[in-house]
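The chain contents come next:
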Amino acid sequence: MNFNAIILGTDHNSYSVARSFYEAYGKKPIVVGAGVLVPFYKSKIADIYTKKGFSSDENIFISFLNQVVEAREEDDFVFFAPTEKYVDLLVNNQDGFTFSYHIPYPEKDFAKRLIKKSSFYEYLEEIGVRYPRTKIIGRDNIKDLDFDGKVFLKADDYDKFISSSAKNIQKGYKLDSSKKAREVLEKAYDSNYEGRFIGQEYIEGGQGSEYSLNGYRSRDGKVSFVLARNLLSDLRPMWIGNHLVQVDHDDKQMYAISKKIVDSLDYHGLFNLDFKKDSVSGEVFVLEMNIRQGRTFYYSTLAGLNLIDLAIKDLIFDKSYEKIGQKPFRLQAISRKKSYEKVEDSLKKEFNKKGREENSAIHIKASYDDNILRKIKVNESIRAQEKELFD
């Protein structure tokens, strides 16, 4: 069958998709974006097409994709998107495409509900899955946020929040009290932001207490997934929760919770779940769900479970699987030296566990994509990131 992948955007996640596709099929996927970011600079593993306005103008998005595909020889395509913003753009405009395609993400109305964290927590409540005690806060009920102890605060719709006129925008706010959380809310609503916020009890635990699970649920309901323990995560306000070092992990409770969630939702496609294990009680909490592959999902490919391949096998070849990827791995966003240096001493043994060194990677560095100019650019980018993180 003459098919190909269409990957939206040129960020780290998009490169991980391109890399996984290239490793599975040995051919170049189609990458379409508004411009070329560092991961795809001088890359030879993808056919890259760019158009100004592609990621922000719906008309350009539709017409340019139709134009790109019209010039191709393939006759069927599977879409992959790196962010909720691209997923939203894709599912809302798919009726304008003039070619045969498949989308491994939820349908439009379902996607809109799940993108909002408050809707997801309502689902968890219905099916009896533990998540942090939560209050939904709007402009008119700020005083209702009254938890005892520490509070974690985040926008219900982060994309709308970052595009607003609010100051001191962060992906999440860890605060010592409800009083301080209310002060943050007052400042956030001194803007044109009309969305809601989610206030949650803070779950105790530092580096190493959070876990990431990436998976795929096929059209016939079979579920495959890979679980990682996050040994080192970005703590900068705008990037809090992005992971820098992840290793293989096995936890039957987290597998069972994940399967219960996607089965109960009758969810189909790629998904990513974040967990946290309370360092005092040992209780497992679900933090959030992304209706796409996670930003650092390439660890799944390292674990022997190529989720991009699974999606294509299901949507193009009508073959489904139920697997758990459990090969030892270590995925890093920064150099090995800096990773080991910055991982907490109590986690260094986990970092060096047998089998991980031999199956480790930085997801935007591939030996088969080693153009000298690209290597220089990528290495410069990694060093710059390290400087921003730690200097």
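Residues numbered from 1 in each chain as written. Predicted model: local features only at pLDDT ≥ 70, side-chain atom pairs only at ≥ 80, totals over all residues. Heavy atoms only, no water.

**What about the side chain of Gln 170?**
How we decide: A run of H or I in DSSP becomes a helix once it reaches four residues, and a run of E becomes a strand once it reaches two; helices and strands are each numbered from the N terminus. Exposure is judged per residue with a 1.4 Å probe applied to protein chains only, and the accessible area is read against the type maximum: over 50% gives exposed, under 20% gives buried, and values in between give partly exposed. Two N or O atoms form a polar contact when they lie within 3.5 Å of each other; inside protein one atom must be a possible hydrogen donor and the other a possible acceptor, and for residues adjacent in sequence the pair counts only when both atoms belong to side chains.
Within the secondary structure, Gln 170 sits in the loop between helix H6 (158–162) and strand E8 (173–175). Residue classification places Gln 170 among the buried positions, given a relative accessible area of 15%. Engagement of the side chain of Gln 170 in a polar contact is seen with the side chain of Asn 168, the distance being 3.3 Å.

**Some words on helix H2 (residues 58–70)**
Residue pairs three or four apart in sequence face the same way in an α-helix, which turns once every 3.6 residues. As a reminder of what qualifies: Between the first and last residue of a helix there are one fewer steps than residues, each counted as 1.5 Å, and that sum is the expected span. By definition in these notes, contact holds between two residues if any of their heavy atoms fall within 4.5 Å.
For H2, which comprises 13 residues, the first-to-last C-alpha distance of 18 Å matches the rise-based estimate of 18 Å (1.5 Å per residue) to within 8%. Check the buried side of H2 and you find it contacts strand E1 (3–8), strand E2 (30–33), strand E3 (47–50), strand E4 (76–80) and helix H3 (84–93). For H2, the side-chain oxygen to backbone nitrogen distance between the N-cap and Asn 59 is 2.9 Å, and the N-cap itself is Asp 57.

**Comments concerning the pattern of salt bridges**
Using the following cut-off: Take a side-chain nitrogen of Lys or Arg and a carboxyl oxygen of Asp or Glu: if they are within 4 Å of each other, that pair is a salt bridge.
This structure, assessed with the given rule, holds 31 salt bridges. In this structure, Lys 117 engages Glu 288 in a salt bridge whose closest nitrogen and oxygen atoms are separated by 4.0 Å. One end of the pair, Lys 117, is in helix H5 (residues 117–127); the other, Glu 288, is in strand E14 (residues 284–290), with 171 residues separating them in the sequence. With its nearest N and O atoms 4.0 Å apart, the salt bridge here joins Lys 348 to Asp 345. Classification of Asp 345 by relative accessible area gives exposed; the value is 66%.

**Topic: the packing of H3 against helix H4 (residues 108–115)**
Put simply, the test is: All axes here are fitted lines through C-alpha atoms, helices being fitted over the stretch that makes contact, and every angle between N-to-C directions spans 0 to 180 degrees. Each angle is binned into one of four classes, with values under 35 degrees roughly parallel, values over 145 roughly antiparallel, values of 65 to 115 roughly perpendicular, and all other values oblique. The sense of a crossing depends on the near helix, which, turned anticlockwise from the far helix by less than a right angle, makes the crossing left-handed and, turned clockwise, makes it right-handed. Amino acids outside the nonpolar list (Ala, Val, Leu, Ile, Met, Phe, Trp, Tyr, Cys, Pro) and the charged list (Asp, Glu, Lys, Arg) are all regarded as polar, and Gly is one of them.
In contact at an axis separation of 10 Å, H3 and H4 are set at 160 degrees when each is read in the N-to-C sense. With respect to H4, the element H3 is oriented roughly antiparallel. Taken as a pair, H3 and H4 cross one another with a handedness that is left-handed. Between H3, through Glu 84, Asp 88, Val 91 and Asn 92, and H4, the contact on the second element is made entirely by Lys 108, Lys 112 and Ile 115. Residue composition of the contact of H3 with H4, by class: 2 nonpolar, 1 polar and 4 charged.

**Considering the pairing of E2**
Our working definition: Classification remark: right-handed applies to a crossover when, strands pointing away from the viewer, the course from the first strand over the helix to the second runs clockwise. In this scheme, strands are said to pair when DSSP sees at least two bridges between them.
What you see with E2 is no split at all: Ile 30 and Val 32 on one side and Val 31 and Gly 33 on the other are buried throughout. Crossover handedness for the path E1 to helix H1 (residues 12–25) to E2: right-handed. For E2 and E3, the ladder comprises 4 bridges, and the chain directions are parallel. Bridge pairing in E3 places Val 32 opposite Tyr 49.

**Some words on the environment of Glu 23**
With respect to the element layout, Glu 23 can be found in helix H1. On the basis of relative accessibility, which here comes to 35%, the residue Glu 23 falls in the partly exposed class. Residues Glu 23 and Thr 301, 278 residues apart in the sequence, show an inter-C-alpha distance of 9.2 Å. In contact with Glu 23, other than residues within four places in its own chain, are Tyr 298, Thr 301 and Tyr 368. At a separation of 2.5 Å, a polar atom in the side chain of Glu 23 contacts the side chain of Tyr 368.

By themselves, these figures tell us nothing about what the structure is for.
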